Amino acid sequence: MRKPIIAGNWKMYKTPAQAKALVQEIRSGLDQTVLSGREVVLCPPFVDLAVVEEAVRGSGIGLGAQNFYPKEEGAFTGEVSAPMLKELGVTYVIIGHSERRQYFKEDDDFVNQKVLAALKNGLKPILCVGEMWSEREANLTEKRIETQLAGGLKDVSPEVFSALVVAYEPVWAIGTGKNATPGQAQDVHRFIRGWVAVKFGKELAENLRIQYGGSVKAENAASLLTQPDIDGALIGGASLTAGSFLSIIKY
Ligand code: 13P
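Residues numbered from 1 in each chain as written. Predicted model: local features only at pLDDT ≥ 70, side-chain atom pairs only at ≥ 80, totals over all residues. Heavy atoms only, no water.

Caption draft 1: Region of interest: the overall build of the chain. Along the backbone of the chain there are 12 helices and eight strands. The C-alpha atoms of the chain give 17 Å as radius of gyration, which agrees with the globular expectation for 251 residues (18 Å, within 12%). Here the C-alpha coordinates of the chain stretch approximately 45 × 45 × 35 Å along the principal axes. Looking at the chain as a whole, 53% of its 251 residues qualify as buried. Of note, the chain has its 28 positive side-chain charges centred 2 Å away from the centre of its 29 negative side-chain charges. (Helix = DSSP H or I, 4+ residues; strand = E, 2+ residues; numbered from the N terminus. Rg over C-alpha atoms; globule rule 2.2 N^0.38 Å. Buried < 20%, exposed > 50% of the residue type's maximum accessible area, 1.4 Å probe, protein only. Lys, Arg positive; Asp, Glu negative; His and termini not counted. Charge placed at Lys NZ, Arg CZ, Asp CG, Glu CD.)

Here is the structure:
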């Protein structure tokens, strides 16, 4: 049985003080019964990580980062390494988000370097894939996803594959209020699992958690998350207030 993983990607929102307040509100709305059936992860900006780590301690809520640089250390001004994140108590890291691909020109090769570096350092990658609207219209969705999976997962060995989470985030659904329909999302999730089965074997594919992301909110969470191949959500806007995030967790 795959345990759903509900992650909040806070993007570039929340100062440390705001982050602390939000975590306290989320914590007070969660009990162990809910957390026994779901894995909940918060992915705040780097500068909030220490505060959030302290605020979630003992709650069962996990900590993720939104990015890192795939070198152990070195003269890379402004960057943050995997060992630094590990020491702060980070367990997951988002890799290949469409905003990083679009605004910071990260390609599949760089995404792959990050996936390999994360795994080597014991961080669990949340690998994001997703097509643009023009690609969907041109019937190129599966081709796009396959390219991103093959590029991002190059040289990943089956021995470490189980640490991975994949997030399907159609670019046209991110921050637009226009989510993929449960059917559209399920089709792509099934395709991803099928691709992984061919490359890494049926068992790893069956155990792989595939999150959906893109305008997930309290109102559509249940219909998306009850699809057979959807194993959680990666949430942007609706993770920034405790009420909406909690409603999604309790879908
Ligand atoms: P929204 O939930 O704001 O559409 O963002 C989705 C996302 O990009 C999560 O990584």
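From this point on, the discussion continues.
Caption draft 2: Seen up close, helix α12 (residues 242–249). Within α12, burial applies to Ala242, Phe245, Leu246, Ile248 and Ile249. Projected onto a plane normal to the axis of α12, the buried residues spread over an arc of 160° and lie on a single side. Packed against the buried residues of α12 are β1 (5–9), α1 (16–28), α2 (32–37), β2 (39–43), α11 (218–225) and β8 (232–235). (Arc of directions from axis to C-beta. Contact = heavy atoms within 4.5 Å.)

Caption draft 3: Focus on the site of the ligand. Of all residues adjacent to the ligand, which total 13 residues, the nearest are Lys11, His97, Gly175, Ser215 and Gly237. A distance of 2.7 Å separates an oxygen atom of the ligand from a polar side-chain atom of His97. Between an oxygen atom of the ligand and a main-chain N or O atom of Gly175, the distance comes to 2.7 Å. Burial of the ligand by the protein chains amounts to 95% of its free accessible area of 310 Å². Partitioned by chemical class, the residues of the shell around the ligand number four nonpolar, seven polar and two charged. (Near = heavy atom within 4 Å. Polar contact = N/O pair within 3.5 Å; in protein donor to acceptor, adjacent residues only side chain to side chain. Areas by Shrake-Rupley, 256 points an atom, 1.4 Å probe, with all protein chains shown as cover. Nonpolar A, V, L, I, M, F, W, Y, C, P; charged D, E, K, R; others polar.)

Caption draft 4: Broad picture of the environment of Ile5. Of note, Ile5 is situated in strand β1. Put simply, Ile5 and Asn220 are 215 residues apart on the chain and 16 Å apart in space, counted from C-alpha to C-alpha. Discounting chain neighbours no more than four positions away, the residues touching Ile5 are Glu39, Val41, Tyr92, Val165, Arg209, Gln211, Asp231, Gly232 and Ala233.

Caption draft 5: Expanded view of the pairing of β1. Buried residues dominate β1, accounting for five of its five residues. Along β1, one buried face is formed by Ile5, Ala7 and Asn9 and the opposite face, lined by Ile6 and Gly8, is buried too. Relative to β2, β1 runs parallel, the two sharing five bridges. Paired with Ile6 across the two strands is Val40, which belongs to β2. Taken together, the four bridges between β1 and β8 define a ladder with parallel strand orientation. Following the sheet pairing, Ala7 is matched in β8 by Leu234. (Pairing = 2+ DSSP bridges.)

Caption draft 6: Region of interest: the packing of aromatic side chains. If you walk through the whole model with that rule in mind, you get five aromatic pairs. Measuring from ring centre to ring centre gives 5.1 Å for Trp133 and Trp172, while their planes differ by 75°; the resulting arrangement is edge-to-face. Taken together, the residues Trp133 in helix α7 (residues 133–137) and Trp172 in the loop between β6 (165–168) and α9 (182–200) connect sequence positions 39 residues apart. Judged by its relative accessible area of 9%, Trp172 falls in the buried class. Counting every residue linked through ring pairs, the aromatic cluster contains Tyr69, Phe76 and Phe110. (Phe/Tyr/Trp six-rings, centres within 6.5 Å; stacked < 30°, edge-to-face > 60°.)

Caption draft 7: Region of the structure containing the nonpolar core. One finds Ile26, Leu42, Leu153, Phe161, Ile192 and Tyr212 to be the most contacted residues of the largest nonpolar core, which totals 70 residues. In terms of residue count, the dominant contributor to this core is α9 (seven residues). Residues contacting Leu42, with those up to four places away along its chain left out, are Gly8, Trp10, Val23, Ile26, Val52, Val56, Ile61, Gly62, Leu63, Gly64 and Phe245. (Core = buried A, V, L, I, M, F, W, Y, C linked by side-chain atoms within 4.5 Å.)

Caption draft 8: Spotlight on the pairing of strand β7 (residues 209–213). Of all five residues making up β7, five are buried, and the element is well covered by its neighbours. Burial along β7 is two-sided: Arg209, Gln211 and Gly213 and Ile210 and Tyr212, pointing in opposite directions, are all buried. By the bridge criterion, four bridges tie β6 to β7 in an arrangement that is parallel. Among the inter-strand pairings, Val166 is bridged to a residue of β7, identified as Ile210. One ladder, built from two bridges, connects β7 with β8; its direction is parallel. Bridged to Tyr212 within β8 is Ala233.

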